[in-house]
Amino acid sequence: MSAASCLLTKDQFLCSICLDVFTDPVAIPCGHNFCKTCITKHWNINVPYQCPHCKEVFYRRPELQVNTLISEMAAQFRQSAQQKASSSSSEQQAAKPGEVPCDVCTGTKLKALKSCLVCLVSYCETHLEPHVTTSGLKKHQLINPVENLEGRMCTEHDKLLELFCKTDQMCVCMLCTVLDHKNHDVVPLKEEYEGKKAELGKTEAEIQQMIQKRRLKIQEIKHSVELSEEDADREIADGVQVFTALKESVERSQAELIDTIKEKQRKTEKQAEGFIKELEQEISELKMRSTEVEQLSRSEDHLHLLQSFRTLNTAPPTKNWTGVRVSPPSYEGTVRRALKQLEETLSEQMKKLFEVELKRVQQSAVDVTLDPDTAYPWLILSNDGKQVKHGDVKKNLPDNPERFDYCPIVLGKQSFSSGRFYYEVQVKGKTDWDSGVARKSINRKGDITLSPQEGYWTIWLRNENKYEALDDPSVRLSLKSQPQKVGVFVDYEEGLVSFYDVDAAALIYSFTGCCFTEKLYPYFGPCNNYNGKNSAPLIISPVNHTE
């Protein structure tokens, strides 16, 4: 028997169902052999009964009897194969945690090389060999090893899931299409796989695009941080320069104040020293005369006394000290004058600082034009949308929701909901005007109250010299000069609205701590004509960056 088995190939001892050496081999009427358990399970699932190898159909289930001769030969071959497998297993890698093990190996499970979708078994290199050499097994579909091959079987019919029901969006077996999914849109798995793979490719491309956008956003944010750092460094440098100049000015003014006071004190001391020296000189001379008079009065020489009396009887010539005084120097106004000089220095530094600040905000200049759909019907707008003034005739315009119907107001076409923006408006020749920004949801009908609470951040001029910031509450502005051109700057995220006198490079007023949640529009109020007294237009001017 052993000699005969050596002449047989191992393909003759392999069950084409389990692909392992026969266990209790049985022959069916067509002459092919299978493991008794394998063919029994196959026929329990598949109806009608047919040979898995040659597909011959049997209308009655054949009786199965174990072929003892083949069984003995298979046992010997199995023993020989196990010996060979054990000798080669040391050369192959055992399955590690997370790797798919061979389902056929006994003892140490080797790493599976492939999984068969027909057999629903994973094979190591040794046990995969029949699928490579046997003609019938070569037709089986092999894939990279996967776990849970049972999950590829229909749980209801225990058949391979090889179709896809588009109607119910699920994988089904052939029997499902006849029963539960009859008349449904069913396609082969491969067809749906190709479609879904194409969708995944599109999704992957979209994801990559999203990733790229986010990478660009990261670069944008990093660039913003870099710009912020540059701004911060520049602001610190400017601030240090200003405060250093102020500190030097304060120290210089202090030194000058001390020197002035000490110089006055030195002059007083020098004057006093001169007076004292003169007085001491006179005292010395008077003492000498006193001594001479005393000596003469004691003389008994009648002739000598009479001869000397005329010169010694009178006091030596001296200064009349009655009106002489040493008055303490007056320091009144010394400190005030020093502070005045310091104030002038501070004013100069503030002017330089505002010039720098104005240069920066002008970098955020935007092009603004007037929106005729918002204009009060009495207003006249220029064709280029850059000028507005109050006219003498009401225009017949539609009363659309955006239009102001009672107050002489017009908004800009452009809106802003982030970042910074700046524009300039010429107010030269006007006695009354408003300027600023307004949020989108403001009331545009009837009388208007200008305040941040109502959605307006504005300043105005009334009666030629009354400047106010329409804050909560309003703030009367004391300006050194009347602005001819007003710059309006907004930092949306910072919540800042600032107004500048462009020609004087001076800050007029700032609204701080604002909370913007809507679009902001440039706001223009030329006010009424007042019989030609206020006929000059408000003009949106091109920004000429200050030098």
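Computed from a predicted model, the values in this text were never measured in an experiment.

Student: I'd love a proper account of unusual backbone geometry, names of residues and values included.
Tutor: Cis geometry marks the peptide bond from Asp-472 to Pro-473; its omega dihedral reads 0°. Its place among the elements puts Pro-473 in the loop between strand E17 (466-469) and strand E18 (475-477). Its identity as a non-glycine residue notwithstanding, Glu-464 has a phi of 70°, on the positive side. Among the structural elements, Glu-464 can be located in the loop between strand E16 (456-462) and E17. Assessed through its relative accessible area of 39%, Glu-464 is described here as partly exposed. Positive phi is not limited to glycine here, since Tyr-530 has a value of about 55°. Owing to a relative accessible area of 43%, Tyr-530 belongs among the partly exposed residues under this scheme.

Student: Give me the layout of surface pockets: which residues, what numbers.
Tutor: By volume, the largest pocket amounts to about 1,700 Å³. Together, 48 residues line the largest pocket, and Ile-17, His-42, Pro-52, Val-118 and Cys-119 are the ones closest to its centre. Elements that contribute at least two residues to the lining of the largest pocket include exactly strand E2 (33-35), helix H2 (36-45), helix H5 (135-138) and helix H6 (174-178). If you tally residues by element for the lining of the largest pocket, the top one is H2, at five residues. When its residues are assigned to classes, the lining of the largest pocket shows 26 nonpolar, 13 polar and nine charged.

Thresholds applied
- Residues numbered from 1 in each chain as written.
- Predicted model: local features only at pLDDT ≥ 70, side-chain atom pairs only at ≥ 80, totals over all residues.
- Heavy atoms only, no water.
- Helix = DSSP H or I, 4+ residues; strand = E, 2+ residues; numbered from the N terminus.
- Buried < 20%, exposed > 50% of the residue type's maximum accessible area, 1.4 Å probe, protein only.
- 1 Å grid on protein atoms, 1.4 Å probe; cavity = no way out; pocket = protein on both sides within 12 Å on 5 of 7 lines; lining within 4 Å.
- Points joined across faces, edges and corners; volume = space filled by probe spheres on them.
- Nonpolar A, V, L, I, M, F, W, Y, C, P; charged D, E, K, R; others polar.

That is the geometry; function is a separate question.
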